[in-house]
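Examination of the molecular architecture
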Amino acid sequence: TASERSFVMIKPDGVSRQLVGKIVSRFEERGYKLVAIKSLTPSPALAKEHYSDLSARPFYNGLVKYITSGTPVVAMVWEGKDVIKQGRRIVGATNPQEADPGSVRGQYAVSVGRNLIHASDAFESATKEIGLWFDEAELSDYEPIAWPWVMA
Ligand code: DAT
Ligand code: MG
């Protein structure tokens, strides 16, 4: 896969537990490019739209409440080779009890309802999520100095 973009969000538990730097470092150190980053408390409308695919699930309302709790999230766009699939591997399985211990969820989380982080699961969802959380003008186009050493 060529260079692509993924939407990654540190959820309120990750911010409250002060894991932002550690999580950002995983993507940075792997060689991915930070295209956008901001912290915000999403509106219920934004959280509901972000998780609209799950609106019929029993945990949907609780999920929206958690994301909109008032403790901010850190919304990011990362770019690079196969970043959608590799981002999911960095994040780990949805249920932290099943996540690889080397993944973010496997290292830092124990509950599916407090699993620290979101990452887009496909090109279509990445496109939807980036458009939902960011304006075009917030997405930076630049070349990291290490890029040629990462992107052979
Ligand atoms: P992922 O975040 O790994 O993409 P998902 O898209 O299926 O997983 O679900 C979105 C979030 O919803 C997930 O990160 C945590 C929550 N969730 C999923 N399944 C759940 C469950 N069985 N009980 C409680 N929360 C759940
Ligand atoms: Mg998902």
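Residues numbered from 1 in each chain as written. Chains lettered and ligands numbered in written order. Predicted model: local features only at pLDDT ≥ 70, side-chain atom pairs only at ≥ 80, totals over all residues. Heavy atoms only, no water.

1. Here we look at the overall build of the chain
Assigned secondary structure in the chain consists of eight helices and four strands. Going from the N terminus to the C terminus, the chain shows its helices and strands as β-α-α-β-α-α-β-α-α-β-α-α. Radius of gyration (C-alpha) of the chain: 15 Å, near the 15 Å computed for a compact globule of 152 residues. Overall, the chain is about 45 × 35 × 25 Å in size when its C-alpha atoms are taken along their principal axes. By residue count, 45% of the 152 residues in the chain fall in the buried class. Positive and negative charge centroids in the chain, built from 18 and 18 side chains respectively, lie 7 Å apart. (Helix = DSSP H or I, 4+ residues; strand = E, 2+ residues; numbered from the N terminus. Rg over C-alpha atoms; globule rule 2.2 N^0.38 Å. Buried < 20%, exposed > 50% of the residue type's maximum accessible area, 1.4 Å probe, protein only. Lys, Arg positive; Asp, Glu negative; His and termini not counted. Charge placed at Lys NZ, Arg CZ, Asp CG, Glu CD.)

2. Here's the deal with the UniProt feature "active site" (unreviewed entry) in the chain
Residues annotated in UniProt with the feature "active site" (unreviewed entry) correspond here to His-118. Examined against the element boundaries, His-118 turns out to sit in strand S4 (residues 117-119). On the basis of relative accessibility, which here comes to 10%, the residue His-118 falls in the buried class. Once residues within four sequence positions are removed from consideration, His-118 is found in contact with Phe-7, Val-8, Met-9, Lys-11, His-50, Tyr-51, Arg-105 and Glu-129. (UniProt positions renumbered as here; feature names shortened; annotations may be inferred. Contact = heavy atoms within 4.5 Å.)

3. Overview of the environment of Ala-56
Following the sequence through the fold, Ala-56 ends up in the loop between helix H3 (44-50) and helix H4 (60-67). Spatially, the C-alpha atom of Ala-56 lies 28 Å from that of Asp-100, the residues being 44 residues apart in sequence.

4. Examining the confidence of the model for the chain
Mean pLDDT over the chain: 97, with 99% of residues reaching 70 or higher. ipTM for the predicted complex: 0.99, alongside a pTM of 0.98. (pLDDT = per-residue confidence, 0-100.)

5. A few points about the pairing of strand S1 (residues 3-10)
For a regular strand, the rule is simple: side chains alternate between the two faces of the sheet. Most of S1 is tucked away: six of the eight residues are buried. By the bridge criterion, eight bridges tie S1 to strand S3 (residues 73-81) in an arrangement that is antiparallel. Bridging from a neighbouring strand, Ser-6 pairs with Trp-78 of S3. Where S1 meets S4, three bridges bridge the pair, whose relative direction is antiparallel. Its bridge partner lying in S4, Ile-10 is registered against Ile-117. (Pairing = 2+ DSSP bridges.)

6. Quick look at the site of ligand 1
Inspection of the region around ligand 1 gives Lys-11, Tyr-51, Leu-54, Phe-59, Leu-63, Arg-88, Thr-94, Arg-105, Val-112 and Asn-115 as its neighbouring residues. At a separation of 3.0 Å, an oxygen atom of ligand 1 approaches a polar side-chain atom of Arg-105. Asn-115 is positioned with one of its side-chain polar atoms (N or O) 2.8 Å from an oxygen atom of ligand 1. Residue composition of the shell around ligand 1, grouped by class: five nonpolar, two polar and three charged. (Near = heavy atom within 4 Å. Polar contact = N/O pair within 3.5 Å; in protein donor to acceptor, adjacent residues only side chain to side chain. Nonpolar A, V, L, I, M, F, W, Y, C, P; charged D, E, K, R; others polar.)

7. Some words on the UniProt feature "binding site: ATP" (unreviewed entry) in the chain
Sites flagged by UniProt as "binding site: ATP" (unreviewed entry) map to Lys-11, Phe-59, Arg-88, Thr-94, Arg-105 and Asn-115. Looking at where Arg-88 falls in the secondary structure, it is placed in helix H5 (residues 83-91). What Arg-88 contacts, discounting residues up to four positions off in sequence, is Thr-94, Ala-119, Ser-120 and Asp-121. Of note, Asn-115 is situated in the loop between helix H6 (104-108) and S4. Exposure remark for Asn-115: the relative accessible area of 3% places this residue in the buried category. Among residues more than four places away in sequence, those in contact with Asn-115 are Lys-11, Asp-13, Tyr-66, Thr-94, Pro-96, Arg-105 and Ala-109.

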